[in-house]
Every structure is written in structure tokens, then in C-alpha cells.
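# A closer look at the structure
The chain contents come next:
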Amino acid sequence: MEKTVSEAHSVTLAVEGLNCASCVGRAERALAAVAGVTDVAVNLASERAQVSFEKPADLSGLVSALTDAGYPARQAEVTLSVDSMTCASCVGRVERKLKASDGVLDAQVNLATETATVRYAEGATTPADLARIATELGYPAKVKQAEDTDDSSRKEAEITRLGRATLLAALLALPVFVIEMGSHVFAPMHVWVMETIGHQNSLILQFVLTTLVLFGPGLQFYTKGFPLLFKGAPDMNSLVALGTSAAYGFSLVATFAPDLLPEGTAHVYYEAAAVIVVLILLGRWLEARAKGRTGAAIRKLVGLGAKTARVERGGAVLELPIEEIVVGDVVHTRPGEKIAVDGTVISGASFVDESMISGEPVPAQKTAGADVVGATVNGTGALTFRATKVGSDTMLAQIIAMVEQAQGAKLPIQGLVDKITAWFVPAVMGLAALTVMVWLAFGPDPALSFALVSGVAVLIIACPCAMGLATPTSIMVGTGRAAEMGVLFRKGDALQMLQDTRVIALDKTGTLTKGSPELTDFLVAEGFDAAEVLRLVAAVEAKSEHPIALAICRAAAERSLGGAEVDGFTSITGYGVSAQVEGRSVLIGADRLMTREGVDLGDLKGQGQALGRKGRTPLYAAIDGRLAAVIAVADPVKPTSAAAIKALQGLGLKVAMITGDNQGTADAIAQELGIDIVVAEVLPDGKVAALEDLRSHGTLAFVGDGINDAPALASADVGIAIGTGTDVAIESADVVLMSGDLTAVVNAFDISALTMRNIRQNLFWAFGYNSLLIPVAAGALYPAFGVLLSPVLAAGAMALSSVFVLSNALRLRWVAPAMGKQEHAL
């Protein structure tokens, strides 16, 4: 049976316990194994899982699958104050609606206290959204009590926890390291330990301190690592737990039962076990700090919004939190304040700084009937507007959702990483076991000590943290920085697809040009009066909303030509319009319309063609079956279009222009701008076919205005919607550009190239690090150079590899726009 759209669901879950690429793979496999799940993407950097599913899968099943896998979804609880409930039916209605809402795990509504207690999955919904759901049902609700679910606060708490654990572990491990390693490298130190503490007492002291390290700050490795190991799904915690347990266990025997070991092998490795824990905790602390900075763009976007607003309630104007505003509220905005939510102006006049949306530095005038956007800044006037979109429906919320969705995406290049990490940890454990066996079989005395050191070093150094962080951190920082420049990647894989693009097709009107045509020429045939013809033509075009029609009407208004009575108006798609005006038949359109209707163009055909060669659009007007005039309309080219096209060609792209204009007009504009390929005289429904023809040149990107070009945007390999103003929720586009300037397209390609290069650098480091150092840890250099890698150095190298990947990704935060001196306000 064919599925309906309503049967498909998508949810974002915040996941705990993700430490490396192996964790990501296991979490993804656990979710994918749930019947009904169609797509899964788990992101290590953001610690979130995006899941698409349909029946029989449900949210509870997804949460249970994650919990069983050892990576529980974070849950929270919120209490809502709910008004207007009068009976048990009201309670049941609100409760059922909340329980059926995306992200809700359970809901309980109490009539006596007029509250609703809702348990939900973090990342899948928010307290404000839950309040809005009850309000839209007819029971006004607001957040009464909710625990802080701000991701930045949670990450700060995690950073603090790891910092304290690292400091405690370091203080405990320092004496162990000094006693053991100091005695090896500094003979007087060894003598002092023997004479003051004594050999056995020093071993017992190291045992006590190391035990405190392992079962204090380091306990997390064992409580997470061993259960997963016993389930047959080891992760990086398992590697650390095995490695440190081996060193600790061997040291225990050497301390308390040395006779059980072969002669000459009763050495202790307490310092290795303790310092490994310290260094890995230090690495995680540094990772947490760096990962906290990767979400800076989202925090910056969230910070753009207003926190409170002055709202009319019960005949008074009250200062209310932004979360309590509902659709239909009347909001008052004073000079200099931020617009609270999206709405329509009721009264007042002002200029509003909308640079965060349009990228235009000049404030936009707002009077009654104009739309305003939340988070934009009011100028010197006062405005009163009615809220039309609140909560997650506002433009700012949509922008944030777009960025979060792109940051959680999985690029095609990640497929290679997933395949490798799926077997990486088991393979490392196998290599460690093989290393031990080879040393025991062929190593010099004391072979057991060499085997232990090398086996532990392999386990510790091969942690796949860097592999798991390589791609998502670059995506998070790159897409966040792109958003600050006004480039919104709705689909994260567009980052990679842009780099594969070979030809970029540009819609002419509104993309290359300003989109506001002007009447430039009006030539009448012999026997017709110019003013009369323009009056009749303008009367017909007044019935049309086409930009060319508006240009003609503006020209007639400037000449103070009165209107006329119009009957039988008909729009002929792709050709023109026709109507009866004061009893006369008027036909207006391209030359193909006149040909279709049998109207002889006569001498005006040549003049129309000449105008077309100048880059103007020639239209013809016929009255009562006779050609009356040729009308030339020009849409001015944007000042930055030529430079942007040159920059795109500099990236190795072929630039094509798609337009409905006649070939002469299109060729003239193409010659002016230096465009490579011209596809002219394309009807509105023919853009998709035109793109198919252009695809023969290679992977194709299409740039359009995002409204009329939706089919073409969806058909292209990468659809780029430009200059969309407040219409940011374009489902058919892969990339949305907040500015109407074509230079934003160049910036999109540039940030894509820089991000992909950053990802390749990270992957090269992550794979190269493991490929090079695993053999070294196993002892490959020992036969030739006598070099054996200490487990302590292995732990340090492992921690630094992850920090390197994160630090490299964070460099994208300072990428400058490729074109344009001013970066976007976002």
C-alpha cells in the first residue's frame, strides 16, 4: 500500500555516552535495527541523533533502543500552567494532544492544580513548543517550571566535571609518576626512595594512589567499557579499561605475589595505568572545551532573539517573556528595541534594521500592513504589530533549525569512516592480542614485560576518537560560520556536492538582475496615438501581477494617463495577456503570441529585434487585430553580478543562464556579463528540462529565487535559493542565501571548499595517525632501533590527536567571506 506523508516522522535526540566513532556506529546500528526506521545519522560533535521513521517505530522504541545500546537519550521534564480546563474531558483532550506530540514520552494533566507535567526527549522538542501545542488546542499554557535544558549550560557543566576529575587524577598520579619514573631516570632519586620509603612500601604507596585514580576519576571507563565489551560491542572505553586493567593487574601480582611471575619480569606499571587515565581525561576535557566552541554559531543565533516584549493583555500592556506570546497578540515595540516575533504592523511608522535577514545595510520602512521579522531591530519610530508566527514558526527559529539540521548531517565522505570504524575497535583488540603473542614467542627477555607494554600501548594509542570527530566538527563549525555569512545549508551533504559541481545555472530575473523591470521604449505603429495605446495597454496590465506589467503601469501613472474599463481578462501562460478594453480587443505579449494569433509584426518586428539585441525585452501590443506598438522593458543587472560570475568561472565552473527572454535579449545580457551558456525562451514549466540538458556538462547547481523556481531547485543536484527575504523555509532548496546578492553564491562555494578541505585534513591526520603509530606501539621499531613506545606516551598521543582535529576544525570560525567586505549579520 502506498505510504502517506503523515506516516513519516523525523526526530532529533540528544544522546549521552558518545566518545568515539565506534560509539556513533553502535548507536546508529541500534536505531537502524528498530523496525520502521528509514534513516539514521548520529553526530559525535553535537551528540545528537537524527532519525526518520514510520510505523511500527515510535519515539519510545527509539529511546529504548539507545538505552539498551548503552547510549541513553537525554530526557527532561517540564511543568506547564494550563488555563481554561473545566472538566475531565478538557484534561483528557490536553493529555492526548501532548502525548501524541513529537518528542513527548509521557504527559500527565491535573485539573485541580491546572498543570501538565510532560516528560520529553531533549532535542526533539522544547518547553516553549509544548506550551504552544496546548495553547493552539484552546487551553492557554505557559512554562511554569522547567529544568535548564540549554545545551551550552550542559556542556559547561560537563567541562567543569571533567576539569575537576582531571585535576584530582593528576594530583593522585603525580607521586606515582615521580616515584617510579624518577627512580628510573635519576639514580639519586632511586637511592632516596630505597633509603626513606623502602622498595615494598613505595610499591604499596603506588598501589594505593593508582587504585584511587582508577576507581575514582577513572571509574567511568570501567563502568562503560566492560559492559559493552561483555555485550560484544567494545568501544574506546573498553580499550582504555582493558589497557589500564592489564597494567594494573600485572602490577598487583608483581607487588603482592611476585613469585607467580617468571624471574626478572616482576615490574610494576602503576604509573602507566594512572597517567593513562590522567591523559585521557585531560584529552576529554580539552575536547569538551573545543566541542563547546563548535556550537558558537547556534548560540549567536539564539542570542539574536528578544527575551521579553510589551504585549496587550486584558486592556493593559504587560512586559512578558517571549515564550508567552501567542499568535494574535498585539505587541508594542519602542524605538531601538528588537522586534519580538514575526508579525504584521497595525499602526505606527518606523525604519527597521533587517540586515540579519536581507544583508542590506539600509533599514526598511515599516508602516501599517507591512510584515516585520523577529530579532530585527526597530529604528526611531514606535510600532504596534499583531503576532503572526511565534515559537518554532518564526523565521529566526527556522534559521536555527536549518543550521542545526545541516550540522547534524552526514556527508558521503563519512561513509568510508563508518565502514572502517565498524570493525576498528575489535581489530585493535585483535592486534593487541597478536602483539602480545608475537612478543612472548619471539621477544627478548623479559618477554612478558615487553609483551605487556606493547599490548597496552596498542590498545591505548588506537582509540578512534579523532576519526569520529574529523567530519562532524568541521561540518558544525563550517555550516555555523556559513550561517554568519548568510549562507544556510539546509542539507549538510550540499557541502560536498558543491565541490563536485561543474556547471552552475542561474535564473535571470531576480538573480542576475534586480527583478524590477523598467519601461525603456514605447514605439507605436502608424495610425496609432502613443498616449492612447499606453493607456489601453496599462489598463490591461493592471490586471496582471507580472513585474513587466507593473513597469508598464508605473510608466502610465508617471504620464498621468487615466484607467479604462477592462472585461474578459485572460492570462496566456508563457505568451502574454488579452482583454476587452472599452469595447476594443487588446493583445499584449511576446512575438510568439502575435505569430500564434496571426498578427503581422510588419516594420516593428525589426525594431523589436534591435531592442532585443540591446538586452531589452521587446513586447508587442495589438489592438483589434492590428499591431499597435512595440514595448521595450529592461530589468537592470545587479552591480555585483559580473564580478560574481567571473569569480565562479575562476573556480572552474561553467556558468549558464536560463531565461524566458527571447534569444537576442538573452545573448546581449550574456555578452555583457561573460556568461558561458545561454538557454533562452524557456517557458516556466521548461526549466527542469533545460537543466536536464545542462547536466550533460557534469554535476549541476541551480540558483533561483526559491519561489517560482521550486521544481528546478528540486531537480538540480544542488538547489540554491537566493534573495528569499522572509521566505526561508524552502523545502526544495539545498542551500538558502539570506542576501539577494549573487556574491553570496561565491561565498557558499568558498566555505564549502574550505570545509571539505578541512575535513580531508582531519581524516588524513586521523587515519595517518593510527596507520603510523599502531605499528610503532606494537614494537615495529624495536628490532632496528631499540625503541619501544611507552603506554604513557601512547595515551598522550591519543589525546593530542583528538585535540588536533578539533583545533583544526575551529579554524573555520575565522574564515572571511570570499566576496564582499561586510559579512552577514547572522
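Residues numbered from 1 in each chain as written. Predicted model: local features only at pLDDT ≥ 70, side-chain atom pairs only at ≥ 80, totals over all residues. Heavy atoms only, no water.

### A few points about the packing of aromatic side chains
As enumerated under the stated definition, the model contains 14 aromatic pairs in all. Arranged with centres 6.0 Å apart and planes meeting at 15°, the rings of Phe 226 and Phe 230 form a pair that is stacked. Residue Phe 226 and its partner Phe 230 are both found in helix α8 (residues 219-230); the two are separated by four residues, about one turn of the helix. By relative accessible area, Phe 230 is classed as exposed at 68%. By the ring-pair criterion, three or more aromatic residues cluster together here, those being Phe 207, Phe 215, Tyr 222, Phe 226, Phe 230, Tyr 248, Phe 256 and Tyr 270. Positioned above the aromatic ring of Tyr 575, the side-chain terminus of Arg 596 is 4.9 Å from the ring centre. (Phe/Tyr/Trp six-rings, centres within 6.5 Å; stacked < 30°, edge-to-face > 60°. Helix = DSSP H or I, 4+ residues; strand = E, 2+ residues; numbered from the N terminus. Buried < 20%, exposed > 50% of the residue type's maximum accessible area, 1.4 Å probe, protein only. Lys NZ or Arg CZ within 6 Å of the ring centre and 35° of its normal.)

### So, the packing of helix α23 (residues 641-650) against helix α27 (residues 743-778)
The geometry of α23 relative to α27 is characterised by a closest axis approach of 8 Å and an angle of 25° between their N-to-C directions. Taken together, the axes of α23 and α27 are roughly parallel relative to one another. Between α23 and α27 the crossing geometry is left-handed. On α27, the residues touching Ala 644, Ala 647 and Leu 648 of α23 are Thr 743, Val 745, Val 746 and Phe 749. Looking at the contact of α23 with α27 residue by residue, the class counts come to six nonpolar, one polar and no charged. (Axes fitted to C-alpha atoms, helices over the stretch in contact; angles between N-to-C directions. Parallel < 35°, antiparallel > 145°, perpendicular 65-115°, else oblique. Left-handed = near helix turned anticlockwise from the far one by under 90°. Contact = heavy atoms within 4.5 Å. Nonpolar A, V, L, I, M, F, W, Y, C, P; charged D, E, K, R; others polar.)

### Focus on the confidence of the model for the protein chain
Residues of the protein chain with pLDDT of at least 70 account for 88%, and the chain-wide mean is 82. Throughout residues 1-6 the model reports pLDDT below 50, and contacts reaching past four residues in sequence, or to other chains, amount to one contact. Overall, residues 145-150 carries pLDDT values under 50, and its contacts beyond four positions in sequence, including any with other chains, amount to 11 contacts. (pLDDT = per-residue confidence, 0-100.)

### What about the UniProt feature "transmembrane region" (unreviewed entry) in the protein chain?
Per the UniProt entry, the sites bearing "transmembrane region" (unreviewed entry) are residues 162-183, 203-223, 235-256, 268-286, 420-442, 448-471, 763-782 and 788-810 in this numbering. With 95% helix and 0% strand, residues 235-256 has end C-alpha atoms that lie 31 Å from one another. Counting secondary structure, residues 268-286 comes out at 89% helix and 0% strand; the distance between its end C-alpha atoms is 29 Å. (UniProt positions renumbered as here; feature names shortened; annotations may be inferred.)

### Re the sheet that holds strand β8 (residues 308-313)
Across the sheet, six strands lie side by side as β9-β8-β10-β16-β11-β14; this open sheet has antiparallel pairing. On the outer flanks of this sheet lie β9 (316-321) and β14 (371-372), each paired with one strand and no other. Sheet analysis places β8 next to β9, joined by six bridges and oriented antiparallel. Bridge pairing in β9 places Glu 312 opposite Val 317. (Pairing = 2+ DSSP bridges.)

### Describing unusual backbone geometry
In this structure, the amide linkage connecting Lys 55 to the following residue, Pro 56, adopts the cis form with an omega of 10°. Its place among the elements puts Pro 56 in the loop between β3 (48-53) and α2 (59-69). With an omega of -5°, the peptide bond between Asp 445 and Pro 446 qualifies as cis. Its place among the elements puts Pro 446 in the loop between α14 (414-442) and α15 (447-461). The phi torsion at Ala 375 lies on the positive side, around 85°, for a residue other than glycine. You can call Ala 375 buried: its relative accessible area is 6%. Phi is positive for Glu 681, close to 55°, though the residue is something other than glycine.

### Quick word on the pattern of salt bridges
This model, assessed by the stated rule, comprises 15 salt bridges. Here Arg 535 ties to Glu 532 by a salt bridge, and the two come within 2.9 Å at their closest N and O atoms. Placement of the pair is Arg 535 and Glu 532 together in helix α19 (residues 530-541), with a separation of three residues, close to one helical turn. Here Asp 624 ties to Arg 584 by a salt bridge, and the two come within 3.6 Å at their closest N and O atoms. In this pair, Asp 624 sits in the loop between β23 (617-623) and β24 (626-634) while Arg 584 sits in strand β22 (residues 584-589), placing the two residues 40 residues apart along the sequence. A relative accessible area of 46% means that Asp 624 is categorised as partly exposed. By relative accessible area, which is 29% here, Arg 584 ends up partly exposed. Counted as one network, the salt bridges with shared partners bring together Asp 129, Arg 132 and Glu 136. (Salt bridge = Lys/Arg side-chain N within 4 Å of Asp/Glu carboxyl O.)

### Examining the state of the cysteines
Under the definition given, this model contains zero disulfides. Cys 23 carries a free sulfur, and the closest cysteine sulfur to it, the one in Cys 20, is 3.7 Å from it. Its relative accessible area of 0% is what places Cys 23 among the buried residues. (Disulfide = S-S within 2.5 Å.)

### Digging into a nonpolar patch on the surface
Taken together, the side chains of Leu 431, Leu 434, Met 437, Val 438 and Phe 442 make up a nonpolar region of the molecular surface, amounting to roughly 520 Å² of accessible area. Here Met 437 is to be found in helix α14. (Patch = residues over 30% accessible without salt bridge, like charges linked within 9 Å, V, L, I, M, F, W, Y side chains within 5 Å. Areas by Shrake-Rupley, 256 points an atom, 1.4 Å probe, with all protein chains shown as cover.)

### Concerning the sheet that holds β22
With respect to topology, six strands assemble into an open sheet ordered β19-β24-β23-β22-β21-β20, the strand pairing being antiparallel. Both outer strands of the open sheet, β19 (518-524) and β20 (566-572), are each paired with one neighbouring strand and no more. Taking the axes of each pair of neighbouring strands and ignoring which way they run, one obtains an average angle of 20° across the sheet. By the bridge criterion, six bridges tie β19 to β24 in an arrangement that is antiparallel. Counterpart to Asp 521 in the pairing with β24 is Ala 632.

### Section: α8
The end-to-end C-alpha distance of α8 is 17 Å, a good match for the 16 Å that 12 residues give at a rise of 1.5 Å each. The set of residues buried in α8 consists of Gln 220, Phe 221, Tyr 222, Gly 225, Leu 228 and Leu 229. Trailing α8 by a residue or two, Gly 232 shows a phi angle of about 80°, which is positive. (Expected span 1.5 Å × (residues − 1).)

### So, α23
Regarding α23, the residues found buried are Ser 641, Ala 644, Ile 645 and Leu 648. On an axial view of α23, the arc spanned by its buried residues comes to 100°, and they lie on one face. Exposed residues pointing more than 90 degrees away from the buried face of α23 are listed as Lys 646 and Gly 650. Those residues of α23 that are buried lie in contact with β18 (503-507), α18 (508-512), β25 (654-658), α24 (663-673) and α27. Once α23 ends, the next one or two residues include Gly 652, with phi positive near 90°. (Arc of directions from axis to C-beta.)

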